[in-house]
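For reference, the chains in residue letters:
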Amino acid sequence: MRVWLLPLLALGIFACSSLDSDGKVECEGNGDCQNGRVCTFNRCVIPVSQSCGNGVIDPGESCDPAIAAGPGRCPLTCDDGIACTMDSATGSADACTLRCVSVVAVECRNGDGCCPSGCNQNQDSDCSATCGNGQVEALETCDGNCPAACNDGNACTTDRGYGAASSCSAVCGYESTAACTSGDGCCPAGCSAPGDSDCSATCGNGRVDPLESCDGDCPTSCDDGIACTSDSQTGSASTCSLACSHQPVGVCTGGDGCCPPGCSPATDSDCSATCGNGQVDQGETCDGNCPASCNDNNACTIDTLTGSASNCSLVCSNQGVSVCQNDDGCCPAGCNATSDNDCSASCGNGTVEAPEVCDGNCPASCDDNNACTLDTRTGAASSCSLVCGHNNITQCQTGDGCCPAGCAYPGDGDCPQACGNGQIDQGETCDGNCPTSCSPGPNTCAPLVLMGSVASCTARCEAQAITACLGGDGCCAPGCTNTNDSDCAPAEPQVGDPCSGSGTCGPNLQCVTVGELIPSFPGGYCSMWCTSDPCPSGSHCSGWMCLKTCTNTNQCRSGYECVNSDASTTMSPELECTPIPLP
């Protein structure tokens, strides 16, 4: 069963003073106590007015404001002047419980003037860089990981070391080699085998290096087109070793298209027996009828001649042109006047060619949706000659939807009526009586603001709602609080909220910091004296003091637990947030 006496000293009602002489006098009411004592939580205690402030350190007191100097004087400040201690005050001078507590700082934190043990400059700006602590800090290049040597194992760099490991300033530099120098073990970018013996032949670099026969210029075929040569290939282009050879044909072989020297129609069917006899013999392409020219007078063919009339082997070929090329007299399939000037414009091919103005993109309508232009149309899409024209309207005329430059109402009813005629026309908010300023108005959160202008007869005062949380504008906008807008009323402290002394719990509550059997209320406890409910919402009267109502400890602050602290007195069956007793 948990039994404890609630603190009354901080409430200014009773002090946790000496008990009766034997320290065991129990009571149920003030009539059970003697010598001016009163019954508080079943114990006879001395009222606060008889102890605190009497210039004597009584039991339960740590100081007395009546002591002006020396031991027992209440401290004026708890700052011990040491950057590496966190100083705080507990209790209050009014309750004779004020005392100072100093805790050595252990957290690494910038800007507090302290460098706790175990911190370094990377964690705490108040620490100085220390070479040898294993941390690379400002102005250091290494610490515990300094390079012992600067050799990167790369023959194409010049390695240099700077600084020293002893000062945590060691650093390596590596400069790339660019010169083509034989024997240094390096082949820099841009160098090759002929100029640097350290470079090896590289197939594909566009240079014919030693042992290569070609590089980038390797032939794709070894066929020289000559029937009387035997074509062969060695190597390959992929290894830059491809080479062609062309040996003259010396064997009389029919059907190979060649009649080598010394052969005849008897030994080689490719030989002409009697070229010039007016008959096309076997192996001849013509005889007496050989064409004098291969020109077929067709600009869209490429005419070529092989063989000759002298040996009756003349052959013509006429290959169709497929490339779009200017001035060759041919317009191949797929070409047009824009890609080949030998082609004529063709309406409908989707390409705008001279003298066409459109082709596949001709406008469907010449209406530019501008009431102040007269739209015209010439030509036709079917002939790729459709052209739209848009001439500006200059005549002042009512009913055409246009108010040309120089026209005005009422000469042209399509023009807007003039601002300044003393009448509020359509689109105007004023005319001759326009406001030039606006009073803020009665609603500070929706002041009146001047909108529009007098010159356009649109000046008017409109309410503009304030939505930003901004202090000093006289408005507490929706969603704002006193924490982000000083114009909003501060929130009233609630029972159980933390506090730091007198006046920090608002006008209706007091700050409890010290107890009788429980040494303290961690962080202070806003409460009020009670003999029975009602207590403020969210709290109830428990042992003559309002405590925060709870259902579990998660609803209580650190250092507090949710229990029925007065279950033994059956004063209340409810749970409340109470300090966790010291072991």
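Parameters and conventions
Residues numbered from 1 in each chain as written. Predicted model: local features only at pLDDT ≥ 70, side-chain atom pairs only at ≥ 80, totals over all residues. Heavy atoms only, no water. Helix = DSSP H or I, 4+ residues; strand = E, 2+ residues; numbered from the N terminus. Rg over C-alpha atoms; globule rule 2.2 N^0.38 Å. Buried < 20%, exposed > 50% of the residue type's maximum accessible area, 1.4 Å probe, protein only. Lys, Arg positive; Asp, Glu negative; His and termini not counted. Charge placed at Lys NZ, Arg CZ, Asp CG, Glu CD. Contact = heavy atoms within 4.5 Å. Salt bridge = Lys/Arg side-chain N within 4 Å of Asp/Glu carboxyl O. Pairing = 2+ DSSP bridges. Polar contact = N/O pair within 3.5 Å; in protein donor to acceptor, adjacent residues only side chain to side chain. pLDDT = per-residue confidence, 0-100. Core = buried A, V, L, I, M, F, W, Y, C linked by side-chain atoms within 4.5 Å. Phe/Tyr/Trp six-rings, centres within 6.5 Å; stacked < 30°, edge-to-face > 60°.

Points about the overall build of the chain
Across its full length, the chain holds zero helices and 20 strands. Taken over the C-alpha trace, the chain has a radius of gyration of 55 Å; the compact-globule value for 583 residues is 25 Å, which it surpasses by more than 25%. Seen along its three principal axes, the alpha-carbon backbone of the chain occupies a region of about 165 × 95 × 50 Å. A burial count over the chain gives 28% of its 583 residues as buried. Computed over 13 positive and 68 negative side-chain charges, the inter-centroid distance for the chain is 33 Å.

Some words on the environment of G91
Among the structural elements, G91 can be located in the loop between β3 (85–90) and β4 (99–104). Taking C-alpha positions, G91 is 101 Å from G379, a pair spaced 288 residues apart along the chain. Residue contacts for G91: discarding those within four places in its chain leaves T97, L98, T513 and V514.

Side note on the pattern of salt bridges
Overall, the coordinates contain three salt bridges when judged by the stated rule. Across the pair E175 and R160 runs a salt bridge whose closest N-O atoms are separated by 3.0 Å. Of the two residues, E175 is situated in strand β6 (residues 171–176) and R160 in strand β5 (residues 157–162); the sequence distance between them amounts to 15 residues. Take E175: its relative accessible area is 43%, and that puts it in the partly exposed class. Residues E462 and R460 are paired through a salt bridge, measuring 2.6 Å at the closest nitrogen-oxygen approach.

Things to note about the pairing of strand β15 (residues 510–514)
Of all five residues that make up β15, four are buried, and the element is covered over most of its length. The sheet contact formed by β15 and strand β16 (residues 520–527) spans four bridges and is antiparallel. Each bridged residue has a counterpart across the sheet, and for Q510 the counterpart in β16 is S527.

Focus: the side chain of D215
Within the secondary structure, D215 is located in the loop between β6 and β7 (229–234). For the buried D215, no salt bridge is present, and the opposite-charge side chain at shortest range is R207, 7.6 Å distant. At a separation of 3.0 Å, a polar atom in the side chain of D215 contacts the main-chain amide nitrogen of G204. Only 3.0 Å separates the side chain of D215 from the backbone nitrogen of G206, close enough to count as a polar contact. The residues touching D215, leaving out its near neighbours within four places in the chain, are T202, C203, G204, N205, G206, R207, V208 and C240.

Quick word on the confidence of the model for the chain
On average, residues of the chain carry a pLDDT of 82, and 91% of them reach 70 or more. Confidence drops under pLDDT 50 across residues 1–24; counting only partners more than four residues distant or on other chains, this segment forms 76 contacts.

Thoughts on the nonpolar core
With 20 residues, the main nonpolar core has C505, F521, Y525, M545 and C556 as its most contacted residues. Of all the secondary-structure elements, those providing two or more residues to this core are β15, β16, β18 (546–548) and β19 (560–563). Here this core gets three residues from one element, more than from any other, and that element is β16.

Details of unusual backbone geometry
With an omega of 5 degrees, the peptide bond running from A354 to P355 counts as cis. Its identity as a non-glycine residue notwithstanding, C96 has a phi of 60 degrees, on the positive side. Topologically, C96 is positioned in the loop between β3 and β4. Using a relative accessible area of 0% as the deciding quantity, one classes C96 as buried. Of note, the phi angle at D327 is positive, near 65 degrees, even though the residue is not glycine.

Here we look at the packing of aromatic side chains
With the rule as written, the count across this model stands at four aromatic pairs. Here the aromatic rings of F521 and Y560 are separated by 6.5 Å at their centres, their planes lie at 50 degrees, and the arrangement is tilted. Taken as a pair, F521 in strand β16 and Y560 in strand β19 lie far apart in primary sequence, 39 residues in all. In this structure, F521 and Y560 share a single accessibility class: buried. Put simply, the rings of F521, Y525 and Y560 pair up and form one aromatic cluster.

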